[in-house]
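If you want the building blocks of each chain, they are given just below.
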Amino acid sequence: MEEKIVRFLNEHNMTITTVESCTGGLIAARLVNVSGASNVFSEGYVTYSENAKAKMVGVNPETIEKYNVVSEEVAYEMASGGAKTANADVAVSVTGVAGPLGGTKEIPVGTVCIGVYYKNKVTTGKFLFNGDRLQVRNQAVDKALEMVWNEINSR
């Protein structure tokens, strides 16, 4: 998937940024594994803490307080803020609970929210992945890249 994304962005002279929490840079790593990624990816953000989300990409602390840090609303602000901060055409954000600790009844382990900014619009999704910490993180990366591809390839 990342090869298709990098190729598409190169062909259309566009850039992408990443704003990652529970994936800890894995999306950025997947993108830079592709030859030619340096033309389309100049920076990404690992915003693991709530403070980092606010400081680095402008997530409103009130949004976190109202909706929870693992929410589509926060993923939305992460994606839009990341696009603005990096001056990127596309931004993908991920926030979630990879486990094994940290889950609640309302937001169980494996819950991940993803946002994709493209053409001044943010599409979000909330997912529940299964498995151990690494499996949840890898499934989140796969889904995030799939969402990026679906957005850039459809509009």
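Details of the structure are given in the entry above.
The rules behind these values
- Residues numbered from 1 in each chain as written.
- Predicted model: local features only at pLDDT ≥ 70, side-chain atom pairs only at ≥ 80, totals over all residues.
- Heavy atoms only, no water.
- Helix = DSSP H or I, 4+ residues; strand = E, 2+ residues; numbered from the N terminus.
- Buried < 20%, exposed > 50% of the residue type's maximum accessible area, 1.4 Å probe, protein only.
- Lys, Arg positive; Asp, Glu negative; His and termini not counted.
- Charge placed at Lys NZ, Arg CZ, Asp CG, Glu CD.
- Phe/Tyr/Trp six-rings, centres within 6.5 Å; stacked < 30°, edge-to-face > 60°.
- Pairing = 2+ DSSP bridges.

Novice: Account for the overall build of the protein, with residues named and values stated.
Specialist: Counting its regular elements, the protein contains six helices and five strands. Helices and strands appear in the protein in the N-to-C order α-β-α-β-α-α-α-β-β-β-α. Dimensions along the principal axes, computed over C-alpha positions, put the protein at roughly 45 × 30 × 25 Å. Counting every position in the protein, which comprises 155 residues, the buried fraction comes to 49%. Distance from the positive charge centre (15 side chains) to the negative charge centre (17 side chains) of the protein: 2 Å.

Novice: Tell me what's going on with the packing of aromatic side chains, and back it up with residues and numbers.
Specialist: Under the definition given, this model contains two aromatic pairs. Note on F8 and W149: the rings are 5.9 Å apart at their centroids and 85° apart in plane angle, and the pair reads as edge-to-face. Taken together, the residues F8 in helix α1 (residues 2-11) and W149 in helix α6 (residues 133-154) connect sequence positions 141 residues apart. Seen in terms of ring centroids, F127 and F129 are 5.9 Å apart; in terms of plane orientation they differ by 15°. Their pairing is stacked. Under the relative-accessibility criterion, F127 is labelled partly exposed at 21%. On the basis of relative accessibility, which here comes to 10%, the residue F129 falls in the buried class.

Novice: Which residues make up the pairing of strand β3 (residues 90-96), and what are the values?
Specialist: Extensive coverage of β3 is indicated by the burial of seven of its seven residues. Of the two faces of β3, the one holding V90, V92, V94 and G96 and the one holding A91, S93 and T95 are both buried throughout. Inspection of the sheet shows β3 paired to strand β4 (residues 111-118) by seven bridges, in the antiparallel sense. In the strand pairing of β4, A91 is matched with Y117.

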